[in-house]
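# Examining the three-dimensional arrangement
One letter stands for each residue in the lines below.
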Amino acid sequence: MNEMTSTEEAAPEMVTATETETELIEKSSEVYDEEEDEKIHSQSQKKPVVAVLEAKSLPDIISAYLNYPDAAEEDLKKWETSYQKLSTAHKAFEPPLDLSKYMSQRKTRVLSIEELQRMEGYDHSLKNYSADTRINNKTCEFYGGQFSVSLSSHDFLDSSLQTHVPLVDVDKVRWVMRNIVRDWGAEGQTTRDECYKPILEELDSLFPDRQKESTPPACLVPGAGLGRLALEISRLGFRSVGNEISYYMMICSNFILNYTQVLDEWTVYPWIYTNCNSLSENDQLRPVSIPDIHPASAGVTEGFSICCGDFLEVLFNESSHAGMWDAVVTCFFIDTTRNIIEYIETISKVVKDGGVWINLGPLCYHFADIPGLENEMSIELSLEDVKRVASHYGFEIEKERTIDTTYCANPRSMQKNRYYSVFWTMRKKCAT
């Protein structure tokens, strides 16, 4: 049920690479297309120990964001150099991009010191929104690791952060930009309808009386990414808690969820580097406004939060969380680990007896067949075996079907990868 078309590669989740994997990525082709981009980021998965290293490297991650415009200039110089190598006859044709136009656009979009200071002084108590839409004066509480420490605009403007950034780190920021479209842009609505809507509809039908209960049902969302699915679950009336391993993702989701003041406040150009499979220059240069929903006035349920860290290492694997969650939702997540059996075991531990596990996604095991990492562990089960393992850990299948989905696809690209994703609802059997 998880077969893919011949052009497809593993669906990516944004993470930090180990040193060996980083070297492989840096040696890879710099020409971008959707298939190669997904390949690079599916190879960028990490061991739990590297998640700790990423947390300790938060200044480097901030630096990658701050140096994004400089990296763009380097790309433009490379394109200009290639253009200059053309013969005089071939230079009669227009270059693929109006470079001067793009440079003027990018210079107007870099956050100024005043904007950063405004972010720091932003009044989270906005008079126009009811108190029940804010959690500790934030739409979403972030906690765990470096997010336990407050960062001000002065931290982001520290000159020590203005350093050279490796290409692999810049590439991660570009990947986040494309994920922004998927989660927070109007262009991403089709993908969200494919991936998130079935999950939301299933939760809605499984907990019809949740508004009448004194305590809202609790839903855990591992692999929360930029937070849109967790937000939508919270809007349904669940105490929604996301979990995300990547600080690249966390920095961006924290910004969108807690610092956005109006709808479509920010403009990004996520496809600007996509030279392959572009139909036109306008498609490549088109802006995307974000967010398409204002998080602070979206009507979230109290308790909406996101915890940073590896799903297998953070508090969800502690005994205090055993049987705590009414529902666990996984979307394009269960194939991101070296050992899917451990994921299933952990999910079984945290779900209540009688609780549900809703899953959507393929089985494109991210650690499978990575050159240079042949000796690393990678457990790659068929769908039939995954269901058998789930049964061993107390789950019974209630619903199952296949859904045709994309993942961060450019809607105007000549290439679109599609996944025949499995969608299931499993219920944990009550102990006898």
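Starting from 1, residues in each chain are numbered consecutively following that chain's sequence as written. Residues qualify for local features only when their pLDDT is at least 70, as the model is predicted, and side-chain atom pairs are given and counted only at 80 or more; totals for whole chains, interfaces and linings, by contrast, use all residues. Note that the side-chain values use all heavy atoms of the structure and ignore hydrogens as well as water.

## Some thoughts on the environment of I379
Strands here are runs of E lasting at least two residues and helices are runs of H or I lasting at least four, both read from the DSSP assignment and numbered beginning at the N terminus. Structurally, I379 is set in the loop between strand 8 (351–361) and helix 16 (383–392). Each residue is placed in one exposure class: buried if its accessible area under a 1.4 Å probe, protein chains only, is under 20% of its type's maximum, exposed if it is over 50%, and partly exposed if it falls in between. Relative accessible area serves as the criterion here: at 25%, I379 is assigned to the partly exposed category. For the pair I379 and F367, spaced 12 residues apart in sequence, the C-alpha separation works out to 8.5 Å. Throughout, a residue-residue contact means that at least one pair of heavy atoms, one from each residue, lies within 4.5 Å. Excluding residues that lie within four positions of it along the chain, I379 makes contacts with R338, N339, I340, I341 and Y365.

## Brief notes about the packing of helix 4 (residues 58–66) against helix 13 (residues 247–259)
Their axes nearest at 10 Å, the elements helix 4 and helix 13 cross at an angle of 65°. Helix 13 is crossed by helix 4, and the crossing has right-handed handedness. Contact residues: helix 4 offers L58, I61, I62, A64 and Y65, while helix 13 offers Y247, Y248, I251 and C252. Across the contact of helix 4 with helix 13, the residue classes break down as 9 nonpolar, no polar and no charged. The axes are straight lines fitted to the C-alpha atoms, using for helices just the contacting stretch, and the angles between their N-to-C directions are given from 0 to 180°. Note on convention: the crossing is left-handed when the near helix lies turned anticlockwise from the far helix by less than a right angle, right-handed when the turn is clockwise. Residues are grouped as follows: Ala, Val, Leu, Ile, Met, Phe, Trp, Tyr, Cys and Pro are nonpolar; Asp, Glu, Lys and Arg are charged; every other residue, Gly included, is polar.

## Some points on unusual backbone geometry
Cis peptide bonds are those with omega within 30 degrees of zero, and the linkage from I290 to P291 qualifies with -10°. Within the element layout of this structure, P291 appears in the loop between strand 5 (288–290) and strand 6 (305–308). The backbone of D264 sits at a positive phi, close to 55°, despite the residue not being glycine. As for its position among the elements, D264 is in the loop between helix 13 and strand 4 (266–268).

## Focus on the packing of aromatic side chains
Note on ring pairs: Phe, Tyr and Trp rings are taken, using the six-membered ring of Trp, and paired if centres are within 6.5 Å. Classes follow the plane angle, with under 30 degrees stacked, over 60 edge-to-face and the rest tilted. Overall, the coordinates contain 13 aromatic pairs when judged by the stated rule. A ring pair is formed by F333 and Y343, whose centres lie 4.6 Å apart and whose planes are at 10°; its orientation type is stacked. Here Y343 lies in helix 15 (residues 340–350) and F333 lies in the loop between strand 7 (325–331) and helix 15, a separation of 10 residues in the sequence. What makes F333 buried here is its relative accessible area of 6%. Relative to W424, the ring of W357 has its centre 5.1 Å away and its plane inclined at 90°; by these criteria the two rings are edge-to-face. Remark: W424 occurs in strand 10 (residues 419–428) and W357 occurs in strand 8; sequence separation between them is 67 residues. On the basis of relative accessibility, which here comes to 0%, the residue W357 falls in the buried class.

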